[in-house]
Structures are given as C-alpha cells and as structure tokens.
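So you can see what is in the structure, the chains are spelled out below.
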Amino acid sequence: MLVAHDRVVFPPYLKALLRLLEYEVLDGPDDLYMGHGRKLSEEVGRFIMSGGGVLLRGQTLRRLSASGVLADCMKRQQSGLWCWHHLDWVLGECLREINVLPRGHDLFQQYVHKCREFDTCCLPDAVSCHMVRDRLTQAKIVEERTQKFKDSGHLLSASWARPCNDALYVWNSS
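Along each chain, numbering runs from 1 in the same order as the chain's sequence is written. Residues qualify for local features only when their pLDDT is at least 70, as the model is predicted, and side-chain atom pairs are given and counted only at 80 or more; totals for whole chains, interfaces and linings, by contrast, use all residues. By convention in this description, side-chain values take in all heavy atoms of the structure and omit both hydrogens and water.

(A) Geometry of the side chain of Gln-109. Secondary structure elements are defined from DSSP: runs of H or I of at least 4 residues count as helices, runs of E of at least 2 residues count as strands, and each element is numbered from the N terminus. Looking at where Gln-109 falls in the secondary structure, it is placed in strand E7 (residues 108-110). Under the rule applied, a polar contact is a pair of N or O atoms within 3.5 Å (in protein, one hydrogen donor and one hydrogen acceptor; residues adjacent in sequence only if both atoms are side-chain atoms). At 2.9 Å, the side chain of Gln-109 and the backbone oxygen of Asp-106 are in polar contact.

(B) Inspection of helix H6 (residues 135-152) at higher detail. By this rule, a helix spans an expected 1.5 Å times one less than how many residues it contains. In this model, H6 (18 residues) spans 25 Å end to end at C-alpha, consistent with the 26 Å of a helix rising 1.5 Å per residue. Whether a residue is buried, partly exposed or exposed follows from its accessible area with a 1.4 Å probe, protein chains only, as a fraction of its type maximum: under 20%, in between, or over 50%, in that order. Where H6 is concerned, the buried positions are Gln-138, Ile-141, Arg-145 and Thr-146. Viewed along the axis of H6, the buried residues span an arc of 140 degrees, placing them on a single side of the element. Every exposed residue of H6 that faces more than 90 degrees away from the buried side is listed here: Leu-136, Lys-140, Glu-143, Lys-150 and Asp-151. The N-capping residue of H6, defined by a side-chain oxygen 3.3 Å from the backbone nitrogen of Leu-136, is Asp-134. Starting at the helix axis, one direction is taken to each C-beta atom, and the arc is that of these directions.

(C) Structural view of the layout of surface pockets. Only protein atoms enter the 1 Å grid used here, on which a cavity is any set of points holding a 1.4 Å probe that cannot leave and a pocket is any open set flanked by protein within 12 Å on both sides along at least five of seven lines; residues with an atom within 4 Å of a point are listed as lining. Grid points are joined across faces, edges and corners, and a volume is the space filled by probe spheres set on the points. Its volume calculated, the second largest pocket comes out at about 160 Å³. In this structure, the second largest pocket is lined by Val-25, Leu-26, Asp-30, Asp-31, Leu-32, Tyr-33, Asn-99, Val-100, Leu-101, Arg-103, Arg-162 and Pro-163. Class assignment for the residues of the lining of the second largest pocket results in seven nonpolar, one polar and four charged. Ten residues, namely Ala, Val, Leu, Ile, Met, Phe, Trp, Tyr, Cys and Pro, are considered nonpolar, four, namely Asp, Glu, Lys and Arg, are considered charged, and the remaining ones, Gly among them, are considered polar.

Shown next as structure tokens:
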C-alpha cells in the first residue's frame with residue numbers, strides 16, 4: 001500500500017481487509033487496484049487518489065513490471081511526456097495499459113480535513129484517512145480505532161472488503 005506522512009492507517013482494519021480480499025473476495029488470477037477513486041477528465045481517466053491510500057495486489061504490480069509497461073511508464077515520466085502528471089494519474093494510466101481498472105472503495109478516504117467532524121468523512125471502519133498532519137492526533141486516532149476493532153472487528157465481512165460496484169460508485173466526487 002502506498003502511504004504518505006499525512007495519512008493515518010489503521011493496521012487492524014488493513015490486515016482484516018487483506019485477509020478477506022485474499023481468502024473470500026478475490027480469485028487467484030484477479031488483479032486489484034483499489035482506493036478512493038476519482039475521474040477528473042476524459043484525458044486523465046479514472047484513477048485512485050494516493051492520498052487516501054492505494055491498494056495494489058502484488059501480482060498486479062509484478063504483471064505490470066513483467067509486461068515492460070512499468071519501465072515504459074518510468075521513461076515517459078522522466079523524459080517529459082508525463083513530467084507534470086501526478087503519481088496518481090501515472091499509476092492509473094500505466095495500469096490501464098495492462099487492462100487493470102481502478103476499483104473505488106469507501107474504506108480509503110482522501111480530504112477528511114474538509115469535514116467538520118472527523119468521523120463523518122473518516123468512516124469508523126476505514127482502513128486509511130488523509131489528511132491528518134499532526135503525529136499526536138494520528139497516534140490517538142489509531143489507538144481509538146484499534147480499541148474499536150478489538151470490540152467489533154470480528155463483525156467485518158467479505159461484503160465490507162469487496163470493492164464498490166463501478167456502476168454505483170461516484171467517480172466525480174472528492
């Protein structure tokens with residue numbers, strides 16, 4: 001999972017998500033590129049906003065590398081063709097080249113700082129939330145969520161872990 005300094009990750013929820021995806025949701029050959037999705041324009045297309053976290057299955061990344069597309073994407077990023085592209089856009093474009101599309105999921109949240117109440121944007125069973133800059137606040141939130149997981153984590157299910165239905169996901173919201 002890609003992480004940044006101002007993202008808070010809730011380890012028990014991440015571990016539960018990974019376990020459920022691996023053993024109850026995904027089939028062996030399934031690719032996965034999941035997180036808080038967005039579509040800015042037709043040119044950029046759909047992508048996962050890395051501030052909220054990007055969950056990329058290992059076999060998907062290995063396939064991207066083995067196909068040669070990853071190396072080509074790095075060249076485009078470094079040579080100037082994509083020099084102004086954000087990481088999020090580049091990753092989305094590269095994965096599209098191997099027919100891997102983003103899957104939106106509310107467990108990954110970007111822009112929680114825009115809400116009046118933290119829990120209205122950073123859902124109680126979220127895996128990660130962005131933007132929480134203060135380290136003490138991050139530690140406090142992680143401790144609170146870890147305790148909550150101890151009390152109710154056993155209730156999480158495959159339906160909680162499953163990516164959102166693409167037809168119902170709101171790709172144009174932040």
